[in-house]
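Report on the structure
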Amino acid sequence: AGPDYRSTSGTGGRCHGGRTASGENCEYGDYRHAQFAGSGGYYGEDFGGGYGRIHAGELIVNGEISADGLSVSGYSSAGGGLHLEANNISGTGDIRANGGSSTIPGAGGRVSLVVGESSYEGSVGARTGFDTDLSATEKVPGAGTVYWQVAGGAG
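Now for a look at the structure at hand. Starting afresh in each chain, residues are numbered from 1 along the sequence in its written order. Only residues with pLDDT of at least 70 get local features here, since the model is predicted, and only at 80 or more are side-chain atom pairs given and counted; chain-wide, interface and lining totals rely on the full set of residues. Processing note: side-chain calculations cover all non-hydrogen atoms of the structure and skip hydrogens and water entirely.

**Focus: the packing of aromatic side chains**
Two numbers describe a pair of aromatic rings. These are the distance of the centres and the angle of the planes. Within 6.5 Å between ring centres, the rings of Phe, Tyr and Trp (the latter by its six-membered ring) count as paired, and their orientation is classed by plane angle as stacked under 30 degrees, edge-to-face over 60, tilted in between. Inspection of the entire model under this criterion finds three aromatic pairs. When the ring of Tyr28 is compared with that of Phe36, the centres are 5.9 Å apart and the planes differ by 70 degrees; the resulting orientation is edge-to-face. Burial here depends on accessible area, computed with a 1.4 Å probe over protein chains only, as a share of the maximum for the residue type. Under 20% is buried, over 50% is exposed, and the range in between is partly exposed. The exposure class of Tyr28 is buried, given its relative accessible area of 7%. On the accessibility criterion, Phe36 (30% relative accessible area) is partly exposed. Centroid distance Tyr31 to Tyr147: 5.7 Å. Interplanar angle 75 degrees. Geometry classified as edge-to-face. Of this pair, Tyr31 sits in the segment before β1 (51-60) while Tyr147 is found in strand β7 (residues 145-150), placing the two residues 116 residues apart along the sequence. Elements are defined by DSSP. Helices are runs of H or I of four residues or more, strands are runs of E of two residues or more, and each kind is numbered from the N terminus.

**Some remarks on the sheet that holds strand β3 (residues 81-91)**
In space, the four strands of this open sheet follow the order β1-β3-β5-β7, with parallel pairing throughout. At either end of the open sheet lies a strand with only one pairing partner, and these are β1 and β7. Put simply, the sheet's adjacent strands are angled 15 degrees from each other on average, direction ignored. By the bridge criterion, nine bridges tie β1 to β3 in an arrangement that is parallel. Paired with Gly52 across the strands is Leu82, a residue of β3. One bridge is not enough; two strands pair if DSSP finds at least two bridges between them. To obtain each axis, a line is fitted to C-alpha atoms, and for helices this fit is confined to the stretch in contact; angles are then taken between N-to-C directions over 0 to 180 degrees.

**What about the pattern of salt bridges?**
Opposite charge on two side chains permits pairing when their charged atoms draw close. The term salt bridge refers to a pairing of a side-chain nitrogen on Lys or Arg with a carboxyl oxygen on Asp or Glu at a separation within 4 Å. One pass over the full model with this rule turns up four salt bridges. Across the pair Arg53 and Glu85 runs a salt bridge whose closest N-O atoms are separated by 3.5 Å. Of the two residues, Arg53 is situated in strand β1 and Glu85 in strand β3; the sequence distance between them amounts to 32 residues. Linking Glu64 and Arg96 is a salt bridge whose minimum nitrogen-to-oxygen distance equals 3.3 Å. Note that Glu64 is positioned in strand β2 (residues 64-66) and Arg96 in strand β4 (residues 94-96), a separation of 32 residues in sequence. Residue Glu64 is classed as exposed on the basis of its relative accessible area of 52%. Linked through salt bridges whose partners overlap, the residues forming this network are Glu64, Asp68 and Arg96.

**Quick notes on the nonpolar core**
Buried residues of nine kinds, namely Ala, Val, Leu, Ile, Met, Phe, Trp, Tyr and Cys, make up a nonpolar core once their side-chain atoms join them within 4.5 Å. Formed by 14 residues in total, the largest nonpolar core has its most connected members in Ile89 and Ile95. For this core, the secondary structure elements donating two or more residues are β3 and β5 (110-120). Those residues in contact with Ile95 that lie beyond four places of it in its chain are Val61, Ile65, Leu82, Leu84, Ile89, Val111, Leu113, Tyr120, Ser123, Val124 and Gly125. We call two residues in contact whenever any of their non-hydrogen atoms come within 4.5 Å of each other.

Here's what the structure looks like:
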């Protein structure tokens, strides 16, 4: 498993922080330190969410920082990875690495935050993509991971 993972069994790749919609256990990476992109859809139909790393003294998020997987008509890709380190994080924006939405959605990615202080009031997520075929409840991929460590804490 890894960002270049491709299944040829007809279930697609689409994993990172969570399993595929068909239940393949192909998670990879460390939830405490996101460092990989998400895997793409079936037979390279699309690309996984990207990877971003930010190291800052002061990080103000009032917009969005996103490594979402691509949403397509078939097999969507997994969310990517975001690793943020800052002395202080604040703002009301969104930080996310969500899976792509489709009839066969992608798994969530990984988000890790290591901060000294936080007054952040925004959202952080690594959810699975939405299943746009509401009649097919068996196609539920795994959620990704969010790790938040503040000032020398355990996480």
